[in-house]
Amino acid sequence: MKGITREAFICKAVEEYADMILRIAFQYTQNRQDAEDIMQEVFLSLMKHGDFNSQEHQKAWLIRVTVNKCKDLLRRLKIRQNAHYCGVSSYGMSQDDLEVLDEVNKLPPLYRSVIYLFYYEGYTAKEIAKFLGKRESAVHTALTRARQHLKHFLEV
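**Thoughts on the overall build of the protein chain**
When you go through the protein chain residue by residue, the secondary structure sums to seven helices and zero strands. Secondary structure elements of the protein chain, listed N to C terminal, follow the sequence α-α-α-α-α-α-α. Out of the 156 residues belonging to the protein chain, those deemed buried represent 39%. At a minimum sequence separation of 6, the contacts of the protein chain that also span at least 24 residues come to 68%. Looking at the protein chain as shown, the accessible area adds up to about 9300 Å², and 51% of this sits on carbon and sulfur atoms.

So, in structure tokens, the structure goes:
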């Protein structure tokens, strides 16, 4: 944040990360309004947070805060994992992607999270482990098991 105003810093972060945060929150909550609320909470938290060492640190922090806020919401509301998608097509995904993502959302939460972060957001297992507070080996195991669950659907 060196050399720019706090307002410019927040505006830049919103411009760069809003879509990513919204997609991650939507993947967890499976509800557009909840995802938008979480995105707002994440940026409010960012406004209160201090400086970051690097852009990568900021991005990792935003993902971690997003995941934590999603988990908090799910605990509070006890949302069922089988929630129906509402308006997901507005997030710029093709019909094939939507069908695969629908199958991904049928996975247990850990498998769903690692698959989404690995394939849709492009993070490495090491990065995902940091975001989720898991060991890298646990992320690799979850990826393998999630792939096994999805294999039948993807072969059809």
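There's plenty left to go through after this.
**Points about the nonpolar core**
Formed by 45 residues in total, the largest nonpolar core has its most connected members in Ile21, Ile24, Leu46 and Leu117. Every element with two or more residues in this core is listed here: α1 (6-29), α2 (32-48), α3 (55-77), α4 (95-104), α5 (109-120), α6 (125-132) and α7 (136-155). The dominant element in this core, judged by the number of residues it contributes, is α1, at twelve residues. Here Ile21 is in contact with Met39, Val42, Phe43, Leu62 and Thr66, once residues within four sequence places are set aside.

**Observations concerning the packing of aromatic side chains**
A full pass over the atoms with the stated rule returns four aromatic pairs. Ring centres of Tyr123 and Phe131 lie 4.9 Å apart, and the angle between their planes is 90°; this geometry places the pair in the edge-to-face category. Comparing Tyr123 with Phe131 shows no difference in burial state: the two are buried. Aromatic ring contacts, followed pair by pair, group Phe9, Phe52 and Trp61 into a single cluster.

**As for the side chain of Gln27**
Summarising the element assignment, Gln27 is placed in helix α1. Those residues in contact with Gln27 that sit more than four places away from it in its chain are Asn105, Arg112, Ser113 and Tyr116.

**Remarks on the confidence of the model for the protein chain**
Across the protein chain, the average pLDDT comes to 81, with 85% of residues at 70 or higher. When mean pLDDT is compared element by element in the protein chain, α2 scores highest at 92, while α4 scores lowest at 75.

**Description of the environment of Phe43**
Tracing the sequence through the fold places Phe43 in helix α2. Residue Phe43 is classed as buried on the basis of its relative accessible area of 8%. Spatially, the C-alpha atom of Phe43 lies 9.7 Å from that of Tyr17, the residues being 26 residues apart in sequence. Each residue touching Phe43, except ones within four places of it in the same chain, is listed here: Ala13, Val14, Tyr17, Ala18 and Ile21.

**Overview of a negative patch on the surface**
There is a patch of like negative charges on the surface, built from Asp96, Asp97, Glu99 and Asp102. For Asp96, a relative accessible area of 54% gives the class exposed.

**Quick word on the pattern of salt bridges**
Using the criterion set out here, one finds five salt bridges in the structure. With its nearest N and O atoms 3.0 Å apart, the salt bridge here joins Glu121 to Arg23. Pair noted here: Glu121 is in the loop between α5 and α6 and Arg23 is in helix α1, with a separation of 98 residues, a long-range link. Judged by relative accessible area, which is 29%, Arg23 ranks as partly exposed.

Reading guide: rules and limits
- Every chain is numbered independently, its residues counted from 1 as its sequence is written.
- Local features in this predicted model are restricted to residues of pLDDT 70 or higher, and side-chain atom pairs are both shown and tallied only at a pLDDT of 80 or more, whereas totals for entire chains, interfaces and linings draw on every residue.
- To obtain the side-chain values, all non-hydrogen atoms of the structure were used and water was disregarded.
- In this description a helix means any DSSP run of H or I spanning at least four residues, a strand means any run of E spanning at least two, and both kinds are numbered starting from the N terminus.
- Buried means the residue's accessible area, taken with a 1.4 Å probe over protein chains only, is under 20% of the maximum for its type, while exposed means over 50%, and partly exposed covers the values in between.
- Two residues qualify as a contact provided that any one of their heavy atoms is within 4.5 Å of a heavy atom in the partner residue.
- The Shrake-Rupley method, run with a 1.4 Å probe sphere, supplies the accessible areas, and residue values consider only the shown protein chains as cover.
- The set of buried Ala, Val, Leu, Ile, Met, Phe, Trp, Tyr and Cys residues whose side-chain atoms join them within 4.5 Å is what this entry labels a nonpolar core.
- In this analysis, rings of Phe, Tyr and Trp, with Trp reduced to its six-membered ring, are considered paired at centre separations within 6.5 Å, and the interplanar angle assigns stacked below 30 degrees, edge-to-face beyond 60, and tilted for intermediate values.
- Each residue carries a pLDDT score, the predictor's confidence in it, ranging from 0 to 100.
- Residues with no salt bridge and a relative accessible area higher than 30% make up the patches, which join like charges within 9 Å and nonpolar side chains (Val, Leu, Ile, Met, Phe, Trp, Tyr) within 5 Å.
- A carboxyl oxygen of Asp or Glu within 4 Å of a side-chain nitrogen of Lys or Arg is what we treat as a salt bridge.
- In this count, Lys and Arg are taken as positive residues and Asp and Glu as negative ones, while His and the chain termini are left out.
- Every charge is mapped to an atom, namely NZ of Lys, CZ of Arg, CG of Asp or CD of Glu.

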